[in-house]
Amino acid sequence: MAKVIDSKIPAGPVPEKWKEYKAHQRLVNPKNKLKLDIIVVGTGLAGASAAASLGEMGFNVINLCIQDSPRRAHSIAAQGGINAAKCYQNDGDSVYRLFYDTVKGGDYRAREANVYRLAEVSNNIIDQCVAQGVPFAREYGGMLANRSFGGAQVSRTFYAKGQTGQQLLLGAYSSLSCQVKAGKVKLYTRYEMEDVVIVDGRARGIIAKNLTTGELERFSANAVVIATGGYGNTYFLSTNAMGCNCTAAVQCYRKGAYFANPSYVQIHPTCIPVHGDKQSKLTLMSESLRNDGRIWVPKKIEDAKALQAGTKQGWEIPEEDRDYYLERRYPAFGNLVPRDVASRAAKERCDKGFGVNNTGLAVFLDFSESINRLGIDIIMQRYGNLFEMYEEITDVFPGDVANEINGVKYYKPMMIYPAIHYTMGGIWVDYELQTSIPGLFAIGECNFSDHGANRLGASALMQGLADGYFVLPYTIQNYLADQAVWPKVSTDLPEFAEAEKKVDAELDRLLNIKGKRSVDSIHKELGHIMWEYVGMGRTAEGLKTGLKKMHELEKEFDENLFVPGTKEGLNIELDKAIHLRDFFTMGQLVAFDALSRNESCGGHFREEYQTEEGEAKRDDENYFYVGCWEYKGKGNEPELIKEPLEYEAIKVQTRNYKN
Ligand SMILES: Cc1cc2nc3c(=O)[nH]c(=O)nc-3n(C[C@H](O)[C@H](O)[C@H](O)COP(=O)(O)OP(=O)(O)OC[C@H]3O[C@@H](n4cnc5c(N)ncnc54)[C@H](O)[C@@H]3O)c2cc1C
């Protein structure tokens, strides 16, 4: 019999569902909260906001992270902003419009009810963060300022220069610190979750490694929440922080949590292009730059060839010879089309030979028009730190005048190219953010919930903080309401001992391979396979080849890996080896999902399924579902379980950004 997924979405029209849910949900008696322990793994925006809120509500929270401070979570990298439907610009925005844009942006592969709830709580997030003192940019009169992000025709993105994630995280961190001081949150920094412990079918604790001493420790609780971020680093080169990994999520998957839509991976159009084989990190240039920057390549192939050969510079090409291809192809949204659309369009131009750097894999992002119109001071106010960051990496300052043609000043353009950035897929969760393992919850980027096949810019921070501040603190109570009567689970139970023994044995296995290859050399090779066969353009044949190559490389990893040092004390290579073991599982999962989905949608582009104009061609008749995968053991194909999507408020149609 086919497995049934209970997504616990309340009945009724979409705008009412969340109210309906709140009206009927069970809440924990305040006195009982004192008896309930919750483990929150992760201190990014999702984890820190959840831990702070749960502590404030009276629960006992154990909060872990791999960095030496919660403030160093990957979330601080977020630059551009966070969306909310405040309509401060009086430009026609509304909760419904944000809901609609997000569903459309996700190519109609998100859950309608979840997205509506997200849009509704988006405004509360801004109020919460302002109350914490987050220094959002303001207009001259004091009103919070907004800018535009891809996939929207209104200005709804709140920002703090190009450091929005950092400022939001400082806000969440200050709330978290209050709870640490109040004794409601116990913080464990430099700890890594290695396994989830299941007792009688419920998540009851975790095994974590103290990264400084190397010791394994057991933690028990009434519920476990993972907020451990995305799996973008499976591709080796990405815009994610070096420490980002999917170990916690993959361990939950191995223990029975379904993994949903893994093939939905976001490739961001505006990253600094790859410049050599010795690189281990890619740098994002925020999407906010597309508010004022115009993307172009030369119209004439001979100009492109001259740029590639270095005999011509971008600013020497006059206006009439420039192809602003996004404005040409998508007049209604122009440079602010969603990321998947902009990335594919850049690849298409470069594949046709119009790339503008020595590798032929770059396009221009040019501020000449906006600097001429607004002046350099305003542009620097908006993007100053991003211009400086670009200069530090490339030695080119995009605000420098380079040429004057017919009285028009031309400034040095940035060069950009698409790169792996974000993962829409993640641990499957129901409407309550509970995974398929009772008592195990997943929030933030590590769950699959709200973005469908493509995330719109500035929506990840919105989702992470919605989950952490406003959704999970309510929904987890439905599960916890009857848990206070159960005695606390002891870490002496055999389930804990067995899980710890297995983690320990894995550490020994990796150390004892004693082969010849470093973790990084194998990871880089995995990244090449992922980008080549499971990247921006996928085909059935390529995916099969990619899977075969991944199997071979995983064998190499198992037989020829070299991890120096011992289990005791700090051993970063050993930690990286564990992460790489899990990137292999993840990479194969992405490929299986991509192979099973014979359509193109959002970030998942199967070259066999495209329109004559090269746009993604969905197949709603056969693939209008969430693809959930159940682990079936190492080397075996996982089992696909489908959660059908149901839309009642929005008409499912072909995405159109042209008019
Ligand atoms: C360069 C860049 C710019 C971005 N800009 C924007 C933007 O402007 N707007 C927007 O909306 N989104 C943006 N994003 C996306 C957004 O930043 C992320 O999706 C979001 O911050 C993820 O938050 P999170 O809390 O889910 O995870 P993370 O911030 O990744 O935090 C994960 C946490 O889990 C911990 N952890 C991980 N594994 C373990 C383990 N095994 N054991 C214990 N702890 C563990 C880590 O220590 C960390 O504390 C950007 C992303 C990048 C890469």
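Above this note sits the structure.
As a starting point, this report considers the structure included with it.

Moving on, we come to the sheet that holds strand β9 (residues 223-226). Overall, parallel pairing links the five strands, which are arranged β5-β2-β1-β9-β19 in an open sheet. Bordering the open sheet on either side are β5 (185-189) and β19 (440-442), each of which pairs with just one other strand. Strand after strand, the sheet turns through a mean of 20° between neighbouring axes, direction not considered.

For helix α6 (residues 164-181), built from 18 residues, the straight-helix expectation of 26 Å at 1.5 Å per residue is met to within 8% by its first-to-last C-alpha distance of 26 Å. Taken together, the buried positions of α6 are occupied by Thr164, Gly165, Gln167, Leu168, Leu169, Gly171, Ala172, Ser175, Leu176 and Gln179. One or two positions beyond α6, positive phi appears at glycine 183, with a value near 85°.

Excluding glycine, most residues fall at negative phi; most peptide bonds, likewise, are trans. Unlike most non-glycine residues, cysteine 87 shows phi in positive territory, near 60°. Within the element layout of this structure, cysteine 87 appears in the loop between β3 (82-83) and α4 (95-105).

Another aspect to go through is the pattern of salt bridges. Under the definition given, this model contains 56 salt bridges. In this structure, the salt-bridge partner of aspartate 340 is arginine 655, at a minimum N-O distance of 2.4 Å. Of this pair, aspartate 340 sits in helix α10 (residues 339-351) while arginine 655 is found in the segment after β21 (639-644), placing the two residues 315 residues apart along the sequence. Each member of the pair aspartate 340 and arginine 655 is classed as buried. The salt bridge involving lysine 352 is made with glutamate 348; its shortest N-O contact spans 2.8 Å.

Bringing the side chain of arginine 344 into the picture now. Following the sequence through the fold, arginine 344 ends up in helix α10. Taking relative accessible area as the criterion, arginine 344 reaches 12% and is therefore assigned buried. When residues no more than four places from it in sequence are discounted, the contact partners of arginine 344 are Met536, Gly602, Phe605, Ala616 and Arg655.

Close contacts around the ligand come from 38 residues, with Gln67, Ser75, Gly80, Met193 and Glu445 the closest. One of the side-chain N or O atoms of serine 75 is found 2.6 Å from an oxygen atom in the ligand. Measuring from a nitrogen atom of the ligand, one finds a backbone N or O atom of glycine 81 at 2.8 Å. In isolation the ligand offers 1000 Å² of accessible surface; the protein chains occlude 97% of this area. Within the residue set of the shell around the ligand, elements represented by two or more residues are α3 (45-57), β2 (60-65), β6 (191-199), β17 (414-423) and α13 (460-480). The dominant element in the shell around the ligand, judged by the number of residues it contributes, is β6, at three residues.

Of all six residues making up strand β20 (residues 625-630), six are buried, and the element is well covered by its neighbours. Of the strand pairs in this sheet, strand β10 (residues 259-260) and β20 are connected by two bridges, and their pairing is antiparallel. The residue bridging alanine 260 from the neighbouring strand is cysteine 628, located in β20. Two strands pair when backbone bridges link them, and β20 and β21 are joined in this way by six bridges, in the antiparallel orientation. Along β21, the bridge assignment pairs glycine 627 with lysine 642.

Across all of its chains, the model carries 27 aromatic pairs by this definition. When the ring centre of tyrosine 431 is taken as origin, the NZ or CZ atom of arginine 117, which lies over that ring, is 4.2 Å away. The ring of tyrosine 422 is capped by arginine 455, whose NZ or CZ atom sits 4.0 Å from the centre of that ring.

We now examine empty space enclosed by the protein. Gaps left between atoms show up when a probe the size of a water molecule is rolled over them. What the rule picks out here adds up to four cavities of 30 Å³ or more. In this structure, the largest cavity occupies an estimated 60 Å³ of space. Where the lining of the largest cavity is concerned, the elements lending two or more residues are β11 (265-271) and α10. No other element matches α10, which puts three residues into the lining of the largest cavity. Tallied by class, the residues present in the lining of the largest cavity amount to three nonpolar, two polar and two charged. A volume near 40 Å³ is recorded for the second largest cavity. Asn83, Phe149, Gly150, Ala152, Arg156, Thr157, Leu456 and Gly457 together form the lining of the second largest cavity. The residue makeup of the lining of the second largest cavity, split by class, is three nonpolar, four polar and one charged.

Rules used throughout
- Residues numbered from 1 in each chain as written.
- Predicted model: local features only at pLDDT ≥ 70, side-chain atom pairs only at ≥ 80, totals over all residues.
- Heavy atoms only, no water.
- Pairing = 2+ DSSP bridges.
- Helix = DSSP H or I, 4+ residues; strand = E, 2+ residues; numbered from the N terminus.
- Axes fitted to C-alpha atoms, helices over the stretch in contact; angles between N-to-C directions.
- Expected span 1.5 Å × (residues − 1).
- Buried < 20%, exposed > 50% of the residue type's maximum accessible area, 1.4 Å probe, protein only.
- Salt bridge = Lys/Arg side-chain N within 4 Å of Asp/Glu carboxyl O.
- Contact = heavy atoms within 4.5 Å.
- Near = heavy atom within 4 Å.
- Polar contact = N/O pair within 3.5 Å; in protein donor to acceptor, adjacent residues only side chain to side chain.
- Areas by Shrake-Rupley, 256 points an atom, 1.4 Å probe, with all protein chains shown as cover.
- Phe/Tyr/Trp six-rings, centres within 6.5 Å; stacked < 30°, edge-to-face > 60°.
- Lys NZ or Arg CZ within 6 Å of the ring centre and 35° of its normal.
- 1 Å grid on protein atoms, 1.4 Å probe; cavity = no way out; pocket = protein on both sides within 12 Å on 5 of 7 lines; lining within 4 Å.
- Points joined across faces, edges and corners; volume = space filled by probe spheres on them.
- Nonpolar A, V, L, I, M, F, W, Y, C, P; charged D, E, K, R; others polar.

Any functional reading would require information that these geometric values do not contain.
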